[in-house]
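# Summary of the model geometry
One letter stands for each residue in the lines below.
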Amino acid sequence: MTEAAVTMKNKGIVIELTALLDVIFIMLFWVMINVQENGAKVKEDADSRIAEAQAQVVQAQEEAAEQVESIREQADSEIQRAHEQLERIDSNAAANQQALDDFGDGLMLTISLRYEPGGKLTVFNGDDELGTADIISESEVYTEIVASLGKAGIERDDVVLCAFVYDGSRALYRDVNEVSAAVSRVGKSYKNFYCTFINTAR
């Protein structure tokens, strides 16, 4: 038996091992190559999936951070708006209280309609006479009332308590309507202008 041809005899069977070993080594080599290639491919796929997952995590973190920042800005804006509303409420409450205090001290704007014998409008702030006007038109009455408010140092945002006083037994319907329209117009210019109508004949 030579080295090139290794044979085995067993119960009359002759097996040629050299060719068989060559085939086994080739298959083993092929399997190793495939395993290495598959391992490299699996590693590449795993790395790709890891990188994709990391990118998704980073994106999710950035989106979460943006949402948190947006919520924080919205909350800050709402808090600021609430502070401004509270300041306005406090300011309005103080202005209303001041107007009530002035009213308690007798300082109230009074628009008095008298006849001498024609209709004449006189504006008072307490006992101080601020101005007079003949009842010619709603525009003239409005101008006189606004001028009287300016003379009293009253600003457009100030709270003004006012009374329109007239004798219903003597006052002309037309004159009362002219003054009423002028007072309503003043209320549109001065947002805190409150005027009541007092008919002394009732």
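Scroll up to find the structure.
First, a word on scope: everything that follows refers to the structure included in this document. Predicted model, so just to flag it, every value in this text is computed and none were measured.

### Considerations on the environment of Tyr190
By secondary structure assignment, the location of Tyr190 is in the loop between helix H3 (173–189) and strand S7 (193–199). Considered as a pair, Tyr190 and Val159 are 31 residues apart in the sequence and their alpha carbons are 8.4 Å apart. With residues up to four places along the chain from it excluded, the contact list for Tyr190 reads Val146, Leu149, Ile154, Glu155 and Arg156.

### Thoughts on the nonpolar core
With 26 residues, the main nonpolar core has Leu113, Leu121, Ile145, Leu149 and Phe193 as its most contacted residues. Breaking this core down by element, the ones donating at least two residues are strand S3 (109–115), strand S4 (119–125), helix H2 (138–151), strand S6 (160–166) and H3.

### So, the pattern of salt bridges
Evaluated as defined, the whole model comprises four salt bridges. Ionic pairing is found between Lys120 and Asp134, a salt bridge with its closest N-O pair at 2.8 Å. Residue Lys120 is found in strand S4, and its partner Asp134 is found in strand S5 (residues 128–134); the two are separated by 14 residues along the sequence. Residue class for Asp134 comes out partly exposed when judged on its relative accessible area of 41%. Residue Arg174 pairs with Asp175 through a salt bridge whose shortest N-O separation is 2.9 Å. Judged by relative accessible area, which is 44%, Arg174 ranks as partly exposed. According to the relative accessible area criterion, Asp175 is buried, its value standing at 2%.

### Quick notes on the side chain of Glu144
Among the secondary structure elements, Glu144 is positioned in helix H2. Despite its burial, Glu144 pairs with no opposite charge, the nearest such side chain being Lys151 at 7.4 Å.

Conventions we followed
Residues numbered from 1 in each chain as written. Predicted model: local features only at pLDDT ≥ 70, side-chain atom pairs only at ≥ 80, totals over all residues. Heavy atoms only, no water. Helix = DSSP H or I, 4+ residues; strand = E, 2+ residues; numbered from the N terminus. Contact = heavy atoms within 4.5 Å. Core = buried A, V, L, I, M, F, W, Y, C linked by side-chain atoms within 4.5 Å. Buried < 20%, exposed > 50% of the residue type's maximum accessible area, 1.4 Å probe, protein only. Salt bridge = Lys/Arg side-chain N within 4 Å of Asp/Glu carboxyl O. Lys, Arg positive; Asp, Glu negative; His and termini not counted.

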